[in-house]
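# Working through the structure, step by step
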Amino acid sequence: MPDVSASPPPMFPVGRLGRSLRPLVGGLLAALIGLGAVASPAAGATTWTRNLWVAEAFLYQDPYSNACTAAATMFMLNTIAYRGTGGPGFAWTPYRIKDNEDPSDKRDMTSILAFARKHDTLDAEGRGSDPHGWRNALNFHGWGDAAMRDPSLMPYVDRAYASFDGAVKAAVKAIARRRMPVGLLAWAGRHAYVMTGYAVTGADPSVSSQFTVQAVYLSDPLRADDLVNRKVTIDALRSGGST
């Protein structure tokens, strides 16, 4: 969980969304780069849906209260591995161990959190990690050191948006075009969610921006929030509710 004192500034705060879905987001992590050319918008009001959810990929952060980004990293990479969408250089294989006493195991959740902490922008007193550490953990563990250090090779980048609609549409397009989950920041930037899917009307989001988001699929690694593969309407996401 990102450190409260060093969380990024909110870009599009949203109202309370029921007991389990906290106010979303100070920014958007993992709007993917390298999406390619966009085709001309399609006509009509077709509904387009996609959900990358794989049950075997998910894990809770519990009992580690500060490990939301590490749990989200494993969930996202597991999903990519199960779906085979990582592309050239993707090396992660599904893994869900949280704390392995073997010091040579660098893929367990506590080790990923430690790695992210070493590669984020928080001060040394921080207990969790931030969007930069999350991004670096995803790229390093998924594709290797070069993918973490070379911006031209990064499958995941951390981006902030000036509007709610702009951020959600960017997340939808990233999933539609790259078939990989997107990370979102909640609790004014202090907690990590993972978005695995969407329902939109209008043009196909894999080739156009002329669509309207109706709902998204969210998962929260914190067990107490009871938010796993939940379809959340855009109205609930924007202003409150639970579905």
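Residues numbered from 1 in each chain as written. Predicted model: local features only at pLDDT ≥ 70, side-chain atom pairs only at ≥ 80, totals over all residues. Heavy atoms only, no water.

### Notes on the environment of Leu227
Along the chain, the position of Leu227 falls in the loop between strand S6 (211-219) and strand S7 (230-233). The spatial distance from the C-alpha of Leu227 to the C-alpha of Tyr217 is 9.7 Å, given a sequence separation of 10 residues. (Helix = DSSP H or I, 4+ residues; strand = E, 2+ residues; numbered from the N terminus.)

### Digging into the packing of aromatic side chains
One pass over the structure, following the stated rule, counts 8 aromatic pairs. Ring geometry for Trp53 versus Phe75: centroids 5.8 Å apart, planes at 70°, classification edge-to-face. One end of the pair, Trp53, is in the loop between strand S2 (47-51) and helix H1 (68-83); the other, Phe75, is in helix H1, with 22 residues separating them in the sequence. When the centroid spacing of 4.5 Å and the interplanar angle of 25° are considered together, the rings of Phe115 and Phe140 count as stacked. Taken together, the positions of Phe115 in helix H2 (residues 109-118) and Phe140 in helix H3 (residues 131-143) put the pair 25 residues apart, joining distant regions of the chain. A relative accessible area of 14% means that Phe115 is categorised as buried. (Phe/Tyr/Trp six-rings, centres within 6.5 Å; stacked < 30°, edge-to-face > 60°. Buried < 20%, exposed > 50% of the residue type's maximum accessible area, 1.4 Å probe, protein only.)

### Observations regarding helix H5 (residues 164-178)
End to end, H5 covers 21 Å across 15 residues, agreeing with the expected 21 Å (1.5 Å per residue, within 8%). Those residues of H5 lying buried are Phe164, Ala167, Val168, Ala170, Ala171, Val172, Ala174, Ile175, Ala176 and Arg177. Between the side-chain oxygen at the start of H5 and the backbone nitrogen of Gly166 there is a gap of 3.0 Å, and the oxygen is on Ser163. Phi turns positive one or two residues past the end of H5, at Arg179, with a value near 60°. (Expected span 1.5 Å × (residues − 1). Polar contact = N/O pair within 3.5 Å; in protein donor to acceptor, adjacent residues only side chain to side chain.)

### With respect to unusual backbone geometry
Going from Asp62 to Pro63, the amide bond is cis rather than trans, its omega being 10°. By secondary structure assignment, the location of Pro63 is in the loop between S2 and H1. Phi is positive for Arg179, which is not a glycine, with a value near 60°. Within the element layout of this structure, Arg179 appears in the loop between H5 and strand S4 (182-186). Phi at Asn229 takes a positive value of approximately 50°, unusual for a residue other than glycine. Judged by relative accessible area, Asn229 falls into the partly exposed class, the value being 25%.

### Observations regarding the confidence of the model for the protein chain
In this model, the protein chain carries an average pLDDT of 83, and 80% of its residues clear a pLDDT of 70 or more. Across the protein chain, the secondary-structure element scoring lowest on mean pLDDT is strand S1 (residues 24-29), at 45, and the one scoring highest is H1, at 98. This stretch, residues 25-42, has a pLDDT under 50; its non-local contacts, to residues over four places away or in other chains, come to 73 contacts. (pLDDT = per-residue confidence, 0-100. Contact = heavy atoms within 4.5 Å.)

### A few points about the side chain of Thr196
Relative to the helices and strands, Thr196 resides in strand S5 (residues 191-202). For Thr196, a relative accessible area of 1% translates into the label buried. Only 2.7 Å separates the side chain of Thr196 from the side chain of Asn51, close enough to count as a polar contact.

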